[in-house]
Amino acid sequence: MSRSFLNVSYGDHPMQKLDLYLPDAENFPTFLYFHGGGLEKGDKTRTAHVGAYLSARGIAFISANYRLYPDAKYPDFIRDAALAAAWVKNRIGEYGGSNRVYLGGSSAGAYLSMMLCFDATYLAAHRLTPCDFTAFLHDAGQPTKHFRVLRELGIDPKRIIVDEAAPLYHIGTAPVYPPMRLIVSDHDMQNRYEQTCLTLSTLRHFGYPEDRFDWKLMQGKHCAYVKALDEHGESVFGAMILAFMQTYS
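Residues numbered from 1 in each chain as written. Predicted model: local features only at pLDDT ≥ 70, side-chain atom pairs only at ≥ 80, totals over all residues. Heavy atoms only, no water.

(A) Layout of the overall build of the chain. Counting its regular elements, the chain contains eight helices and eight strands. The C-alpha atoms of the chain give 17 Å as radius of gyration, which agrees with the globular expectation for 249 residues (18 Å, within 12%). Dimensions of the chain, computed from the C-alpha atoms along their principal axes, are close to 50 × 40 × 35 Å. In the chain, buried positions account for 56% of the 249 residues. Contacts in the chain between residues at least 24 apart in sequence constitute 75% of all its contacts with a sequence separation of at least 6. A total of about 10,800 Å² of accessible surface is found on the chain, and carbon and sulfur atoms cover 50% of it. (Helix = DSSP H or I, 4+ residues; strand = E, 2+ residues; numbered from the N terminus. Rg over C-alpha atoms; globule rule 2.2 N^0.38 Å. Buried < 20%, exposed > 50% of the residue type's maximum accessible area, 1.4 Å probe, protein only. Contact = heavy atoms within 4.5 Å. Areas by Shrake-Rupley, 256 points an atom, 1.4 Å probe, with all protein chains shown as cover.)

This is the structure in C-alpha cells:
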C-alpha cells in the first residue's frame, strides 16, 4: 500500500511544487528527484511510475518541479532545488519519514543535484550541508557549465567552460562529500561520457575515498532507462534507485 500527495508547495512560485509517493509505513527513507529537460522543459509527473515502484517497497519518492527557462535565469533553478531539499529534510518527518534523505536527478536534474552536492553555498542558505543527505545519485548530468546557461549568456552551448556555474569547479573545495553514484550511457549525449569520466577522475585526484562513490555505465541513449519498464512491467530506474539506496544505506 502507498499514499500520494500531489502538487505540494515547497515555495511561493507556481513551479515550486512536489509530488510525494509515500509507503504506508513509518520511519521510511526518502529519495528526492529532479527531472531532466535541459532546464527548459520536463515535469515531475513523468516519473510517477518510479514513485509507484519505490513506495511499494517501503521507500518514499518525491519528484520536484523547479523554475525553467525562459522565465527562470541562472541560478534560480539551483536555488529552487536547494529550497525543495530543505523542505523535504525539514518536513518529511511529518509524513512518517526518517532522517535518511537521498537526493538525485537525471540530466538537467543531475546538474542540479551536482551543484547542491559540490557547491555548499546553496544548501547553506537553509542551514544545511550536503552531508546532511545520506547520498547523491547524479544521473547523466553535465558537470561543466550547463549548455542552457551558456545560451542565456550568448555563448556557444557546445563550449566546455568550468567556472562557478559548473559542478566540476567546486570539487576539492570541501574536505568531505556524501557518498554518491554517477550514471552515464555508452551512447549518451555527445561528450557526456567523457565529462562524467572527468568528474570521477577529479574526485580521485582530490583523494575522495573510492569506497564512497561509484559509477554505472548503461547501454543505450541518454537517460532512456528513466521511462523504461522491464519484462514484468516494473520501473527500470526505480530498481536502479533501490539498488543505489541499498548500497549506501
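(B) Representation of the packing of helix α1 (residues 48-55) against helix α8 (residues 236-247) within the structure. Put simply, α1 and α8 touch, their axes get as near as 8 Å, and they point 45° apart. It follows that α1 is oblique to α8 by the angle criterion. Handedness of the crossing formed by α1 with α8: right-handed. Residues Val50, Tyr53 and Leu54 of α1 form the contact with α8, whose participating residues are Phe237, Gly238, Ala239, Ile241 and Leu242. In terms of residue class, the contact of α1 with α8 is made up of seven nonpolar, one polar and no charged. (Axes fitted to C-alpha atoms, helices over the stretch in contact; angles between N-to-C directions. Parallel < 35°, antiparallel > 145°, perpendicular 65-115°, else oblique. Left-handed = near helix turned anticlockwise from the far one by under 90°. Nonpolar A, V, L, I, M, F, W, Y, C, P; charged D, E, K, R; others polar.)

(C) A look at the pairing of strand β8 (residues 213-221). Direction of pairing for strand β7 (residues 180-187) relative to β8: parallel, over a ladder of seven bridges. Of the residues in β8, the one forming a bridge with arginine 181 is aspartate 214. Read from β7 through helix α7 (residues 192-205) to β8, the crossover connection turns out right-handed. (Pairing = 2+ DSSP bridges. Right-handed = clockwise from strand over helix to strand, strands pointing away.)

(D) Geometry of the sheet that holds strand β3 (residues 28-34). Read across the open sheet, the eight strands follow the order β1-β2-β4-β3-β5-β6-β7-β8; overall the sheet is mixed. The sheet is open, and its two borders are formed by β1 (2-9) and β8, each paired with just one other strand. Each strand of the sheet is rotated relative to its neighbour by a mean of 20°, with strand direction disregarded. Across four bridges, strand β2 (residues 17-23) lies against strand β4 (residues 60-64) in antiparallel orientation. When the sheet's bridge partners are listed, aspartate 19 is paired in β4 with serine 63. Where α1 meets the sheet, it contacts β1, β2 and β4, and its direction lies at approximately 30° from that of β2. Strand contacts of α7: β7 and β8, with the helix running at about 150° to β7, the strand carrying the most contacts.

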